[in-house]
Amino acid sequence: MGKLTNKQVENAKPGRHSDGEGLTLLVRKPPKNSDAKAGGKSWVLRVQVNGKRSDYGIGSLTAYSLAEARERARDLRKAAKQGRDPVAERDKDANAPPTFKDAAQRCHDAKAPGWSDKTASAFLSSLSMHIHPKIGKLRVDSITERDVAAALSPVWHAKPALAKKLRHRIGLILDFSMANGWRSEGAPRQSLSALLSKQQEGGNFPSMPYEEMPAFVAKVQGKTETMGRLALLFTILTAARNGEVRDAMWSQLDLDNGLWHRPASMMRKNGDAHTITLSPEALQVLDRVKLWRTVEADCRVFPGKGDKRLSDMTIGKEMAALPYVVHGFRSTFRTWAAERMPTIPEAAAEAALAHRIPDAVVRSYNRAKFLEMRRTLLDAWGRYAAGTSGDVVQLPLSLKSA
């Protein structure tokens, strides 16, 4: 029986801590002026091979718990007694596909330096509570879309916001696994959507599935141009609230740099000034709107009759025959971002929607880089919605009958 306990391992100070039978926990001193946790803990096994004692590294504490290190040590001692090379035995399975739980930890260790403390903590705790009980023990190369759907189903409607985050985190881990050679393909996305029912976001704002978006945009663009239709297209392409679009002024637009600077007075939801990037497709809509402009002075970009504020009914007229609402396009964009742009951080997608993001998160990316992430995201959304991304677009039945 080993000498160490889990608590002793967790609280071990720098130095060597023997568990017996050659197994030792090595705790290195952290570099000066760094976090105390940065030193690192790893397992080392001292074993005799062909009459010579040697130390063999087993792995870090994050990769192997106390129980797992003991089991691994037993295997290596057995190999040594049988005359086999412990190094070869240790390394032959080094790139064997890990369990989902192990892959999640490795993904976290690789990505956490670029995250805030809150994001890093939430990443592991949310998976531990909701996902690991379902698929944590499965090897990552065996996980299918059905496994992921089954893991998400308990929270998919009960906690839709959390479910979306969990889906994104699972996708990140499975993509990380593919990059490490543990899976032959990345995370399931479109096939997963077929297994999960549509979330209603509390039932207030029914949203169009993003697969229908290119066909819908093409249909709107194919009709006679009106101010309401142009405003609707701009709302879709910017993922903005339609009230913000109806309040937009020409003086807020920096067309040369593709930016829309929205003052705090316009942002009624959180009261913070916000800048949004404009995709080439959004700028094309503005080029068409310019032809409608009748005054030189600053005025609304999308005016109603008599230069008054465009009505909500006018911008939503195209939705009358559909089971969706204009505000739901924001959810459409957010779902698309999670499923089709997994390399863009969740914080960037939230910022694109003008949701409040902790300043520490923005600083962790660098403000200029963070803005460029959002530009990459909205530019890709513009191409997708306009049908120029290369995806095959077919008109859904719900739009054919509209």
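Conventions we followed
Residues numbered from 1 in each chain as written. Predicted model: local features only at pLDDT ≥ 70, side-chain atom pairs only at ≥ 80, totals over all residues. Heavy atoms only, no water. Phe/Tyr/Trp six-rings, centres within 6.5 Å; stacked < 30°, edge-to-face > 60°. Helix = DSSP H or I, 4+ residues; strand = E, 2+ residues; numbered from the N terminus. Buried < 20%, exposed > 50% of the residue type's maximum accessible area, 1.4 Å probe, protein only. Lys NZ or Arg CZ within 6 Å of the ring centre and 35° of its normal. Axes fitted to C-alpha atoms, helices over the stretch in contact; angles between N-to-C directions. Parallel < 35°, antiparallel > 145°, perpendicular 65-115°, else oblique. Left-handed = near helix turned anticlockwise from the far one by under 90°. Contact = heavy atoms within 4.5 Å. Expected span 1.5 Å × (residues − 1). Nonpolar A, V, L, I, M, F, W, Y, C, P; charged D, E, K, R; others polar. Pairing = 2+ DSSP bridges.

Caption draft 1: Highlighting the packing of aromatic side chains. This structure, assessed with the given rule, holds 11 aromatic pairs. Arranged with centres 6.2 Å apart and planes meeting at 20°, the rings of tryptophan 381 and tyrosine 384 form a pair that is stacked. One end of the pair is tryptophan 381 and the other is tyrosine 384, both in helix H18 (residues 367-385) and 3 residues apart, which spans about a single turn. The residues tryptophan 381 and tyrosine 384 share a single accessibility class, namely buried. A cation over an aromatic ring shows up here: arginine 262 above the ring of tryptophan 260, its NZ or CZ 4.8 Å from the ring centre.

Caption draft 2: Structural view of the packing of helix H7 (residues 145-156) against helix H8 (residues 160-179). Direction vectors running N to C along H7 and H8 enclose 160°, while the axes themselves pass 9 Å from each other. Taken together, the axis directions place H7 and H8 in an arrangement best described as roughly antiparallel. Between H7 and H8 the crossing geometry is right-handed. Contacts between H7 and H8 involve Val148, Leu152, Val155 and Trp156 on the former and, on the latter, Pro160, Ala163, Leu166, Arg167, Ile170 and Leu174.

Caption draft 3: Structural view of helix H5 (residues 117-130). Relative to the 20 Å expected for 14 residues at 1.5 Å per residue, H5 spans 20 Å between its end C-alpha atoms, a close match to the ideal helical length. Along its buried surface, H5 packs onto helix H4 (100-111), helix H6 (132-135), H7 and H8.

Caption draft 4: Local environment of the packing of helix H11 (residues 227-238) against helix H13 (residues 280-290). The geometry of H11 relative to H13 is characterised by a closest axis approach of 9 Å and an angle of 160° between their N-to-C directions. The angle between H11 and H13 places the two elements in the roughly antiparallel class. Read as a crossing pair, H11 and H13 show a hand that is left-handed. In contact with Met227, Leu230, Leu233, Phe234, Leu237 and Thr238 of H11, H13 contributes Glu281, Ala282, Val285, Leu286, Arg288 and Val289. When the residues that make up the contact of H11 with H13 are grouped by side-chain class, the tally is 9 nonpolar, 1 polar and 2 charged.

Caption draft 5: Highlighting the sheet that holds strand S2 (residues 23-27). Reading across from one edge, S1-S2-S3-S4 is the order of the 4 strands in this open sheet, with antiparallel pairing throughout. Unpaired on one side and paired on the other, strand S1 (15-20) and strand S4 (52-60) mark the two borders of the sheet. In this sheet, neighbouring strand axes are inclined to one another by 30° on average, regardless of whether the strands run parallel or antiparallel. Where strand S3 (residues 41-49) lies against S4, 8 bridges are found, and the strand directions are antiparallel. Within S4, the position partnered with valine 44 by the bridge is glycine 57. Where helix H2 (residues 66-81) meets the sheet, its contacts fall on S1, S2, S3 and S4, and the angle it forms with S3 comes to roughly 20°.

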